[in-house]
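Breakdown of the fold
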Amino acid sequence: VISRAKKWFGPVALKPSFLARGIKAPKRDTLSFGRKGSNSKVSGKGLPTITFSRLPVVTCPGSTAECRALCYALKGTVGLNVGAGNYNANSSAAANDAARLGAALDKQSKPEQPVLLRLHVSGDFDSVEYTDAIRSVLTVRPWVTAWVYTRSWRKQAEVNAPGIRAALRRLSVLLTVTVFASVDESTAKERTPKGMRRAYMGAEAADAAGDTTSLVCPQQTGKVDGCSSCGWCFGRGGKRSKRNTTF
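These remarks concern the structure in this document.

The rules behind these values
Residues numbered from 1 in each chain as written. Predicted model: local features only at pLDDT ≥ 70, side-chain atom pairs only at ≥ 80, totals over all residues. Heavy atoms only, no water. Salt bridge = Lys/Arg side-chain N within 4 Å of Asp/Glu carboxyl O. Helix = DSSP H or I, 4+ residues; strand = E, 2+ residues; numbered from the N terminus. Buried < 20%, exposed > 50% of the residue type's maximum accessible area, 1.4 Å probe, protein only. Axes fitted to C-alpha atoms, helices over the stretch in contact; angles between N-to-C directions. Parallel < 35°, antiparallel > 145°, perpendicular 65-115°, else oblique. Contact = heavy atoms within 4.5 Å. Nonpolar A, V, L, I, M, F, W, Y, C, P; charged D, E, K, R; others polar.

1. Some details on the pattern of salt bridges
- By the definition in use, this model includes 7 salt bridges.
- Its salt-bridge partner being Arg170, residue Asp132 comes within 3.0 Å of it at the nearest N-O pair. Taken together, the residues span a long stretch of sequence, with Asp132 in helix H7 (residues 128–139) and Arg170 in helix H9 (residues 164–172) at a distance of 38 residues.
- Judged by its relative accessible area of 17%, Asp132 is buried.
- When its relative accessible area of 32% is taken as the criterion, Arg170 is described as partly exposed.
- Linking Arg154 and Glu190 is a salt bridge whose minimum nitrogen-to-oxygen distance equals 2.9 Å. On the criterion of sequence distance, the pair formed by Arg154 in the loop between strand S3 (144–150) and helix H8 (155–160) and Glu190 in the loop between strand S4 (177–183) and strand S5 (198–200) is long-range, its members being 36 residues apart.
- Take Arg154: its relative accessible area is 8%, and that puts it in the buried class.
- Taking the relative accessible area as the measure of exposure, Glu190 reaches 26% and is therefore partly exposed.
- Connected through salt bridges with shared partners, the residues Asp132, Arg135 and Arg170 form a single ionic network.

2. Let's talk about the packing of H7 against H9
- At their nearest, the axes of H7 and H9 sit 9 Å apart, and the two run at 5° to each other. By the angle between their directions, the pair H7 and H9 is classed as roughly parallel. Where H7 abuts H9, its residues Val128, Thr131, Asp132, Ile134 and Arg135 lie against Ile164, Ala167, Leu168, Arg170 and Leu171.
- Taken together, the residues of the contact of H7 with H9 break down into 6 nonpolar, 1 polar and 3 charged.

Given below as structure tokens:
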């Protein structure tokens, strides 16, 4: 994973030092969906929310210098524990196996126990195989409502991970999945996939894109206590907004 990321971005871009030094292979390849995310937004008084995260930067073929510099997954709790737990396993080839992914998800959710799934508090889609595995798992589990913010929609990601954008389009057509094109100021003018909502990294990115209708995250403005209480990003009652979001 590290050698591939060096090819994408060069060793200088793999800061902080624990990424630059390299990432140890997982002691076990047990995939893990967790109920305690390091992002305080992933909470609320609605449905239970689980997460599935991966190593930052090295699973992010469409990342930019700006998002790597500001990445919250490299700071705080995530940054301190990124080499531990199951982030390594979740970033390995084991995650390309739909059967294993499904078995891990079933430990946290059953048809009679609907849940919300926040994909990638840390990390991103880095291959067609992994993206299609996620799609296969969620296709047959309609009780799981998922959403994700990705940089893998970019042409740069296609160069680094051929076929990734088509795989994202296949995933985004699922009624229970919302895929956002994550955008910062440096990518505001790039064309995002048709029908894919944008998630702006700061008001500067929305301004650079000329978007005056994007909604600032209600949790950040104190209107709700967390994602499950809100539903703006993933929808309510089968209805999803077409407006963009600013964080």
